[in-house]
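Coordinate inspection notes
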There are 2 protein chains.
Amino acid sequence: MTLLSERIRPGEVAVEIPRPTDAGVYFIGRIRTPWATSGECPKRGRRDGEICRIEVDPFWHPALQGLDKHACLQILYWMHLARRDLLQQNPGGGGNIVGTFAIRSPVRPNPIASSLVDLVGIEGGTLMVRGLDCIDGTPLIDIKPEFCPGKHRADDQNAA
Amino acid sequence: MTLLSERIRPGEVAVEIPRPTDAGVYFIGRIRTPWATSGECPKRGRRDGEICRIEVDPFWHPALQGLDKHACLQILYWMHLARRDLLQQNPGGGGNIVGTFAIRSPVRPNPIASSLVDLVGIEGGTLMVRGLDCIDGTPLIDIKPEFCPGKHRADDQNAA
């Protein structure tokens, strides 16, 4: 597997991480974005950002029932290219060493990202959303309805 | 393993879920709460709720460096007692059948919960927080700094 970065910056602390893992996740779909490499991705998703497509695997489509009632969603995805063994990092290489749990870097023991997105539309098992920040092809692991700041629930705004 | 519920309510849709899984997670600690059973847990954590203790395993303690600068955190945890095979659910048994991804039930393909918490204090590798909703002993999988509505970052409020 090609990791996001095999490079260690000065002051960073890597460890031999435990094997085996304690539980398993299913990839339930893929996220399609305009960004092919981590360098192109926004640092954090913006709700006025690019529209991205969340392609849910057909097996899980029945679990999308009722999702169209929600204007805002929380998306969990698996940053599959990120290394998992850094305890302390040197973000940007500037020499400010900080613990992995004190930053939102993709590099962490469990490379799970969480973003709030605006749901723009649904076509079958594909969601169009704004607010993601990941590279094209990132594995999807969960979709949850969310209350977002400054956003009302769609079922209040435009009850069908 | 004892599942949260083996029971299927009328109208719920269970499937044979895929084996094997696609990626593995590490349990990086445990969450200590006042709630021994799912029935006792709040439906969703409240930031004026009970103080809970997040006990990070010593292996990961160096990754907490700098966390004390943050007033609000996002906590990801693994709802280890929840079944994972329901595509559609009947929450509360009221007959309103809804897709798993349209509700925040612990029952989902990847039983990962996400809560925003206020960081009340840190003692070594233990965080005291408000805002959790899970049963005592729930496995911890991630800690991330977060901007919370109505809450400033601690490093703005009381820079050390």
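Residues numbered from 1 in each chain as written. Chains lettered and ligands numbered in written order. Predicted model: local features only at pLDDT ≥ 70, side-chain atom pairs only at ≥ 80, totals over all residues. Heavy atoms only, no water.

Points about the overall build of chain A
The helix and strand tally for chain A stands at 1 helix and 10 strands. Counted from the first residue to the last, chain A has its helices and strands arranged as β-β-β-β-β-β-β-β-β-β-α. Evaluated residue by residue, chain A yields a buried proportion of 51% over its 160 residues. In chain A, the proportion of contacts linking residues at least 24 apart, taken out of those at least 6 apart, comes to 78%. (Helix = DSSP H or I, 4+ residues; strand = E, 2+ residues; numbered from the N terminus. Buried < 20%, exposed > 50% of the residue type's maximum accessible area, 1.4 Å probe, protein only. Contact = heavy atoms within 4.5 Å.)

Focus on the sheet that holds strand β10 (residues 138–145) of chain A
Strand pairing in a sheet takes place through backbone hydrogen bonds and is either antiparallel or parallel in direction. All names here are of chain A. If you trace the 6 strands once around the closed barrel, you get β3-β4-β9-β8-β5-β10, paired in antiparallel fashion. Strand-to-strand, the axes of this sheet are offset by a mean angle of 45 degrees, without reference to chain direction. With 5 bridges joining them, strand β5 (residues 72–78) and β10 adopt antiparallel strand pairing. Residue pairing for β10: I75 is matched across the bridge by I143. (Pairing = 2+ DSSP bridges. Axes fitted to C-alpha atoms, helices over the stretch in contact; angles between N-to-C directions.)

Observations concerning the environment of A:R7
Residue and element names in this part refer to chain A. Examined against the element boundaries, R7 turns out to sit in the segment before β1 (13–14). For R7, a relative accessible area of 55% corresponds to the exposed category. Distance from R7 to N96, taken between C-alpha atoms, is 17 Å for residues 89 residues apart in sequence. The residues contacting R7, other than those within four sequence positions of it, are E12 and R83.

Examining the relation of the copies chain B and chain A
By a simple turn and slide, chain B fits onto chain A: the slide is 0.0 Å along the axis, the RMSD is 0.0 Å, and the turn is 180 degrees. Here the two chains are linked by the operation of a two-fold rotation axis. Distance from the rotation axis, computed per C-alpha, reaches its smallest value in chain B at B:G24: 2.2 Å. By residue overlap, the copies meet face to face through one surface: 100% of the interface positions of chain B are interface positions in chain A. (Least-squares fit on C-alpha atoms with pLDDT ≥ 70 in both.)

Some details on the interface of chain B and chain A
Taken residue by residue, the interface counts 52 residues in chain B and 52 residues in chain A. When chain B packs against chain A, the two sides together hide about 4,700 Å² of surface, and 60% of this comes from carbon and sulfur. One can count 6 salt bridges joining chain B with chain A. A salt bridge links B:R104 to A:E146, with the nearest nitrogen and oxygen atoms 3.2 Å apart. For the pair chain B and chain A, the interface holds 42 residue pairs in polar contact (both at pLDDT 80 or more). (Buried area = accessible area lost by both parts, 1.4 Å probe. Salt bridge = Lys/Arg side-chain N within 4 Å of Asp/Glu carboxyl O. Polar contact = N/O pair within 3.5 Å; in protein donor to acceptor, adjacent residues only side chain to side chain.)

Section: the environment of B:K144
Structurally, B:K144 is set in strand β10 (residues 138–145). Between the alpha carbons of B:K144 and B:L76 there is a distance of 8.4 Å; along the sequence they are 68 residues apart. Once residues within four sequence positions are removed from consideration, B:K144 is found in contact with A:F101, A:R104, A:R108, A:I112, A:A113, B:L73, B:Q74 and B:L76.

A look at the side chain of A:R83
All names here are of chain A. In this structure, R83 sits in the loop between β5 and β6 (86–89). What makes R83 buried here is its relative accessible area of 8%. Polar side-chain contacts of R83 include one of 2.7 Å to the side chain of D85.

Some words on the pairing of β5(A)
Residues and elements named next belong to chain A. Within β5, 7 of the 7 residues are buried, leaving the element largely enclosed by the surrounding structure. As defined by bridge partners, β5 adjoins strand β8 (residues 112–123) across 7 bridges and the pair is classed as antiparallel. Note on β8: the bridge partner recorded for I75 is S115.

A short note on the sheet that holds β6(A)
Reading across from one edge, β1-β6-β7 (chain A) is the order of the 3 strands in this open sheet, with antiparallel pairing throughout. Both outer strands of the open sheet, β1 and β7 (98–99) of chain A, are each paired with one neighbouring strand and no more.

A word on the side chain of B:Q89
All names here are of chain B. Looking at the element boundaries, Q89 is found in strand β6 (residues 86–89). Among the polar contacts made by the side chain of Q89, one reaches the side chain of S105 at a distance of 3.0 Å. In contact with Q89, other than residues within four places in its own chain, are E12, N96, I97, V98, T100, I103, S105 and V107.

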